[in-house]
Amino acid sequence: MVCLPNHIKSHIACFLPQLSPVLSNGEPCVLPSRPFNSFGGYNSFSSSGGTHIHRNNLDTICNLFLILSVFIFPTRSLELMQARNMTVNRLCNRQVITAVNGSLPGPAIRVREGDSLIVHVFNRSPYNFTLHWHGVFQKGSCWADGTNMVTQCPIRPGHKYTHKFRIIDQEGTLWWHAHVPALRATIYGALVIRPKSGHSYPFPKPHREVPILLGEWWNANVVDVLDQAIATGGLPNVSDAYTINGLPGDLYKCSQNKMYKLNVVAGKTYLLRIVNTALVAQFFYKIANHNLTVVAVDASYTKPYTTDVIVIAPGQTVDALLVANQDIGSYYMAAGPYYTAAIIPLDNTTTRGVIVYRGASPTTTPLMPALPARNDTPTAHKFSSNLQGLKDGPHWVQVPRHVDHKMFVTIGLGLEPCAANKTCLGPLGARLSASMNNQSLVLPRRLSLLQAFYSNVDGVYSTDFPAKPPTEFDYTNGSINANSPAFFFAPKDTKVTKLKYNSTVELVLQNTAIIGVENHPMHIHGVNFHVLAQGFGNYNADKHRDMFNLVDPQIRSTIGVPVGGWAVLRFTANNPGVWLMHCHLDSHLEYGFATVFVVENGATSETTLPPPPADLPKC
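Residues numbered from 1 in each chain as written. Predicted model: local features only at pLDDT ≥ 70, side-chain atom pairs only at ≥ 80, totals over all residues. Heavy atoms only, no water.

1. Digging into the sheet that holds strand β11 (residues 261-264)
Next, step 1: Strand order in the open sheet made by the five strands is β11-β19-β18-β13-β16, with mixed pairing throughout. The sheet is open, and its two borders are formed by β11 and β16 (310-312), each paired with just one other strand. Taken pair by pair, the neighbouring strands of this sheet meet at an average axis angle of 20°, ignoring direction.
Next, step 2: Judged from the six bridges that link them, strand β18 (residues 330-338) and strand β19 (residues 351-357) form a sheet pairing that is antiparallel. Across the sheet, residue Y332 finds its bridge partner in β19, namely V354. (Pairing = 2+ DSSP bridges. Helix = DSSP H or I, 4+ residues; strand = E, 2+ residues; numbered from the N terminus. Axes fitted to C-alpha atoms, helices over the stretch in contact; angles between N-to-C directions.)

2. A closer look at the environment of D115
Next, step 1: Here D115 shows up in the loop between β3 (109-112) and β4 (116-123).
Next, step 2: A relative accessible area of 9% means that D115 is categorised as buried.
Next, step 3: For D115 and I193, which are 78 residues apart along the polypeptide, the C-alpha to C-alpha distance reads 9.2 Å.
Next, step 4: At 2.8 Å, the side chain of D115 forms a polar contact with the backbone nitrogen of R112. (Buried < 20%, exposed > 50% of the residue type's maximum accessible area, 1.4 Å probe, protein only. Polar contact = N/O pair within 3.5 Å; in protein donor to acceptor, adjacent residues only side chain to side chain.)

3. A look at the packing of aromatic side chains
Next, step 1: Throughout the structure, instances matching the rule amount to 15 aromatic pairs.
Next, step 2: Residues F571 and F597 carry aromatic rings whose centres are separated by 5.5 Å and whose planes lie at 65° to one another, so their mutual orientation is edge-to-face. Here F571, found in strand β30 (residues 565-573), pairs with F597, found in strand β32 (residues 594-599); they are 26 residues apart in sequence, far enough to count as distant.
Next, step 3: Linked through ring pairs, F408, F473, Y475, F487, Y539 and W566 together constitute an aromatic cluster.
Next, step 4: One residue, K139, lies across the ring of F137, its end atom 5.6 Å from the ring centre.
Next, step 5: Geometry around Y332 places R352 over its ring, the cationic atom sitting 3.7 Å from the centre. (Phe/Tyr/Trp six-rings, centres within 6.5 Å; stacked < 30°, edge-to-face > 60°. Lys NZ or Arg CZ within 6 Å of the ring centre and 35° of its normal.)

4. Quick look at the side chain of T173
Next, step 1: Looking at where T173 falls in the secondary structure, it is placed in strand β7 (residues 172-178).
Next, step 2: A polar contact of 2.6 Å, which involves the side chain of T173, links it to the side chain of D319.
Next, step 3: In this view, T173 contacts L191, R273, V275, D298, A299, T317 and D319; residues no more than four positions away in its chain are not counted. (Contact = heavy atoms within 4.5 Å.)

5. Some thoughts on the pairing of β19
Next, step 1: The buried count for β19 comes to seven of seven residues, which makes it a mostly enclosed element.
Next, step 2: Residues T351, G353, I355 and Y357 line one face of β19 and the alternating positions R352, V354 and V356 line the opposite face, and both faces are buried.
Next, step 3: Alignment of β11 against β19, held across four bridges, turns out to be parallel. Along β19, the bridge assignment pairs V264 with Y357.

6. Examining helix α4 (residues 377-386)
Next, step 1: Turning to α4, its buried residues are T377, A380, H381 and F383. End-on view of α4: buried residues confined to an arc of 160°, all on one side of the axis. Exposed residues lying more than 90 degrees from the buried face of α4 are P378 and K382. (Arc of directions from axis to C-beta.)

Here it is as structure tokens:
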């Protein structure tokens, strides 16, 4: 017989409460407030607190569970994640935040391609929230996507939800985060996907793999910050600092000892798994005197691309190799904002960490990299447009040549009329809004879109999202602000695009200058897309189709549409369910900067959306 430690048996009993009828008259099962220790293992159970499920003689049940799991699943990873409030010290202040498992960032989850993942999410916080697996395909598991009011109602305080899904055809770095307003600022962590056992990276194996999570920090309750902006119709207050792995670095007050440090050995190679978790900021990231070689973006391999600067928008990930090939010493890594919206206030600060070579003197002053100018769009565009996919590499997908559904979608900010007898702080005394093809998305409140789709509930959404803007105009000409105020106000509605299973979509995203121009990071749930081309000004099919890369384009799930420009994407709708496409600047989603794809079922059980899980949260 296979024997299991008692604490693992305890976890199985907690994870499978349906077994409670046969688990009686024994010690209580207690879910600890800090289930993981600093080494990523499970902490022991305490004797008080938590949710109690009585049990007795678990040996047979636990062994049966283990044996069955080996036969049914290639590898099953059990994770327990608890969101609760905690107090941390930053920038001379003690601030209450909501975080997962008592840490900022939250725990990194490490799996292999093909693994099954079961994540039990407990909401011990005072807020409704969902947990989204950013970039994960969720094939056959749309119910686990974790998108508020799209795939599920939020997890209410004191409730829980179990996410079950497989990681299929993806390797690299993704991440998880809250998918409700503002909480993404502190509820986030890395999802590291390595090749299957016996398979290797398409580059030399690194000495060590290092998550680098770039973020933002407010000396305030971030929920209150966004709530105030929504109430007034204006912009949220800018952040007080940027962070690397939750730490602001020594350029900020009271932060001399709150700086991320990476120890390296000369001659070794390190795989940096870089994630932009910020609500607003797009970043330039550099390491003094060192180049970086990009080998993957959004968990899709790229041709090796060597650069001295990484450009990364909110939601994106970049895997880059760092070779410790400089003189023994210390070198700052630094991240500062790439700023494209002249009308929006800027947190004009820089976060930094430090790389220390083994043998370096502790009194050595680290070298500081020279970051690009905050508005250096040529540098940003060079990085973003020079990446290419690793053709014929692991999980490479050829560009589909036949297109079934063409869409031309304008994206940008706009306005919403101020309510009578109210004072609004947006431009022209109105409220800020946003739209795609002159439609500003409103999500339902009583039933998620996925539940409405699965159960054929009428009246929750309509399927008439326009495939092109209602009016053609000079999209990136800022003078339309004064000459065409009718463009400001888009209707608010819940319109979606219905797609046949396995149909191919070509999507042109066109930035507008209705309320200024800005680089908008657009994320599509449930699929990856090929980036065929990107550029500036108004897209012209006759002129710009010659730019299409149909051989080895980069594959992404989040694209920064160039400021005052456009991007052309192509993807296959091979994943039944309801999938959100939205700007990943946090407040923009609240403004209505989103739309939805409803992918119909295929002809087989494997291509059909399964029923909702029994514990799906209720509104």
